[in-house]
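# Architecture and fold: a report
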Amino acid sequence: MVERNRCHTLENPTMEKHFELSDTEFEHHFSNCSLAPTDFSHEAHLRLAWIHIHNYGIAQAEKNIQNQLQRFVEFVGAKDKYNTTLTLAAVKAVYHFMLKSDANTFKDFIAEFPRLKYNFKELMACHYGFDIYHSDQAKTQFLKPDLVPFDY
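Residues numbered from 1 in each chain as written. Predicted model: local features only at pLDDT ≥ 70, side-chain atom pairs only at ≥ 80, totals over all residues. Heavy atoms only, no water.

### What about the nonpolar core?
Worth spelling out the cut-off: Nonpolar cores are built from buried Ala, Val, Leu, Ile, Met, Phe, Trp, Tyr and Cys residues. Side-chain atoms within 4.5 Å join them into one set. The classification of residues rests on relative accessible area computed with a 1.4 Å probe and restricted to protein chains. Under 20% of the type maximum is buried, over 50% is exposed, and intermediate values are partly exposed. Strands here are runs of E lasting at least two residues and helices are runs of H or I lasting at least four, both read from the DSSP assignment and numbered beginning at the N terminus. It only takes one pair of heavy atoms within 4.5 Å for two residues to be counted as in contact.
Of all hydrophobic cores here, the largest spans 42 residues; its most connected members are Phe40, Val94, Phe109 and Leu116. Elements supplying a minimum of two residues to this core: helix 2 (23-31), helix 3 (42-56), helix 4 (58-75), helix 5 (84-98), helix 6 (106-112) and helix 8 (120-127). Here Phe40 is in contact with Phe26, Phe30, Leu35, His45, Leu48, Leu69 and Phe72, once residues within four sequence places are set aside.

### Here's the deal with the pattern of salt bridges
It is possible for side chains bearing opposite charge to pair when their charged atoms get close. Using the following cut-off: Think of a salt bridge as a Lys or Arg side-chain nitrogen and an Asp or Glu carboxyl oxygen that are within 4 Å of each other.
Under the counting rule described, the total for this entry stands at five salt bridges. In this structure, the salt-bridge partner of Glu20 is Lys17, at a minimum N-O distance of 3.6 Å. By relative accessible area, Lys17 is classed as partly exposed at 47%. Shared partners join several salt bridges into a network, and the residues in it are Glu16, Glu43 and Lys117.

### Comments concerning the environment of Gln66
Position of Gln66 among the secondary structure elements: in helix 4. For the pair formed by Gln66 and Tyr82, sequence separation is 16 residues and the distance between their alpha carbons is 9.2 Å.

### Some remarks on the packing of aromatic side chains
Under the convention used in this document: Stacked, tilted and edge-to-face pairs are distinguished by plane angle, under 30 degrees for stacked and over 60 for edge-to-face with tilted covering the rest, among Phe, Tyr and Trp rings (Trp via its six-membered ring) whose centres lie within 6.5 Å. Think of it as a cone above the ring: NZ of Lys or CZ of Arg counts as a charge over the ring if it is within 6 Å of the ring centre and within 35 degrees of the ring normal.
Here the structure, examined in full by the defined rule, presents 10 aromatic pairs. Each ring, one from Trp50 and one from Phe106, has its centre 6.3 Å from the other, and the planes form 65°; the classification is edge-to-face. One end of the pair, Trp50, is in helix 3; the other, Phe106, is in helix 6, and 56 residues separate them in sequence. Summarising the burial analysis for this pair, Trp50 and Phe106 share the class buried. In this arrangement the basic side chain of Arg47 is found over the ring face of Phe26, its NZ or CZ atom lying 4.8 Å from the centre. For Lys121, the ring lying beneath its charged end belongs to Tyr133, and the centroid distance is 5.0 Å.

Right under this line is the structure:
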């Protein structure tokens, strides 16, 4: 019974607060730091990447997200949580799966590739053989993967 419920949750994730906003509203609220920090979950990070890649292309998305995320964490007093490597690796991971997807919405996209949400650390471990989460160097500069490179 527990296993069935867990699988059901993966197929039908509970609605997160960020879904109360359209993509345009979400992007706007995040970029002007009016999104509640409690609403900026891991899934919301992924959605932000999806929106920016979809709207601006991968190169501009990487720039936009770094700038906006640094501004957001500073605004909410969490500057020490920003990690350049993790930020860019997440954008690259979302892009990788977008190349394989026909989804027109983030909801459909994350339903198609739930491992981005539920197995993200395992995905990163395929690329990095070292701890990018606690590395001081990874926080300040992008470290290239030492195991499997990203698509581009």
